[in-house]
Amino acid sequence: MYFIRDNFQVFSATSADGLTWIEDSSFRISTETAPSLDASSVTSCAVLPLADGSYRMLYTAKSSSASYHILSAASTDGLNWIKDPGVRYETGTSSVTLDSLRVTALSSGRWRLYYLERSSSTGVLDIFDLKTATAPNNALAWTAHRVIASSLTAGGIDVSTMTDGSIRLFYSLPSAATDTVHSRLYSAVSANGTTFSAEAHIWLSTDTASGGIGAFAIRRTQGFRYRAYYGFIQTSSFIPGIY
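Residues numbered from 1 in each chain as written. Predicted model: local features only at pLDDT ≥ 70, side-chain atom pairs only at ≥ 80, totals over all residues. Heavy atoms only, no water.

Caption draft 1: Region of the structure containing unusual backbone geometry. Positive phi is not limited to glycine here, since D6 has a value of about 60 degrees. With respect to the helices and strands, D6 occurs in the loop between β1 (2-5) and β2 (9-14). Using a relative accessible area of 59% as the deciding quantity, one classes D6 as exposed. With phi around 60 degrees, A139 is a residue other than glycine that occupies positive phi space. Looking at the element boundaries, A139 is found in the loop between β12 (126-135) and β13 (143-152). The exposure class assigned to A139 is buried, which follows from its relative accessible area of 0%. (Helix = DSSP H or I, 4+ residues; strand = E, 2+ residues; numbered from the N terminus. Buried < 20%, exposed > 50% of the residue type's maximum accessible area, 1.4 Å probe, protein only.)

Caption draft 2: The arrangement of the sheet that holds β12 in detail. If you walk across this open sheet you meet the four strands as β10-β11-β12-β13, and the pairing is antiparallel. Looking at strand neighbours, the two that pair on one side only are β10 (98-105) and β13, the edges of this open sheet. Mean inter-strand twist for the sheet, computed between neighbouring axes without regard to direction, equals 20 degrees. In this structure, strand β11 (residues 111-121) lies alongside β12, joined through ten bridges in antiparallel fashion. Looking at β12, one finds that Y115 is bridged to K131. (Pairing = 2+ DSSP bridges. Axes fitted to C-alpha atoms, helices over the stretch in contact; angles between N-to-C directions.)

Caption draft 3: Just the pattern of salt bridges, in detail. Per the counting criterion, the structure on display carries seven salt bridges. Taking the shortest distance from any N to any O, the salt bridge between K131 and E117 comes out at 3.5 Å. Of this pair, K131 sits in strand β12 while E117 sits in strand β11; the two residues are 14 residues apart in sequence, bridging distant segments of the chain. Accessibility assignment for this pair places K131 and E117 in one class, buried. (Salt bridge = Lys/Arg side-chain N within 4 Å of Asp/Glu carboxyl O.)

Caption draft 4: Just the layout of surface pockets, in detail. Considering only enclosed or pocket space, the second largest pocket measures out at about 210 Å³ in volume. Forming the boundary of the second largest pocket are 15 residues, of which L130, A149, L152, L169 and Y171 lie nearest the centre. For the lining of the second largest pocket, the secondary structure elements donating two or more residues are β13 and β15 (167-173). In terms of residue class, the lining of the second largest pocket is built from 13 nonpolar, two polar and no charged. (1 Å grid on protein atoms, 1.4 Å probe; cavity = no way out; pocket = protein on both sides within 12 Å on 5 of 7 lines; lining within 4 Å. Points joined across faces, edges and corners; volume = space filled by probe spheres on them. Nonpolar A, V, L, I, M, F, W, Y, C, P; charged D, E, K, R; others polar.)

See below:
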């Protein structure tokens, strides 16, 4: 598991059963190490296993000039990372933020990237466009960035490629238009990765009065079941617990 702490470092942990986790020593990525395009903060990350046995991390970050980028780093063991030069994608303005970056493998051997790009705000919740792009196996050259859903009050997303090759997109939303927290996880399915149909199922629901769902990850387990890991932010606190 890879996770962000204090918005400026990426850490990792390991587990034998998916329930009890032991944190690895030190950090994997830090805003304090060069290059400095991520000097302000890191907002989300995803790790990809490459065909040669190495790993690539993609992460959304804010620079010291307040613009947002998608950056990357490389590792041979998943623990020691070297930041790649250059930028995978950038917004060019501080008013357009990037978050909730997720990646899934395609049957063609390419990767498909999904991320949320902020377009406006309700004054309480941010409004995002859901965007996608694709890249070859080395996951460095991402092309064909496009909007596939707009005007979303989603708090986060995750994706999973199913056994038939279709893609399931999970997303968190408020349970009602007037709510100020994201309290439910929904899903949609796509055969081509760009056109999604919503499923009539609520995967997870929390008590709105108690707090809301933060960042989350959905993982397949044995027996074609799913396990959800999610941050829950209590109404009286800004510090999420992981459930």
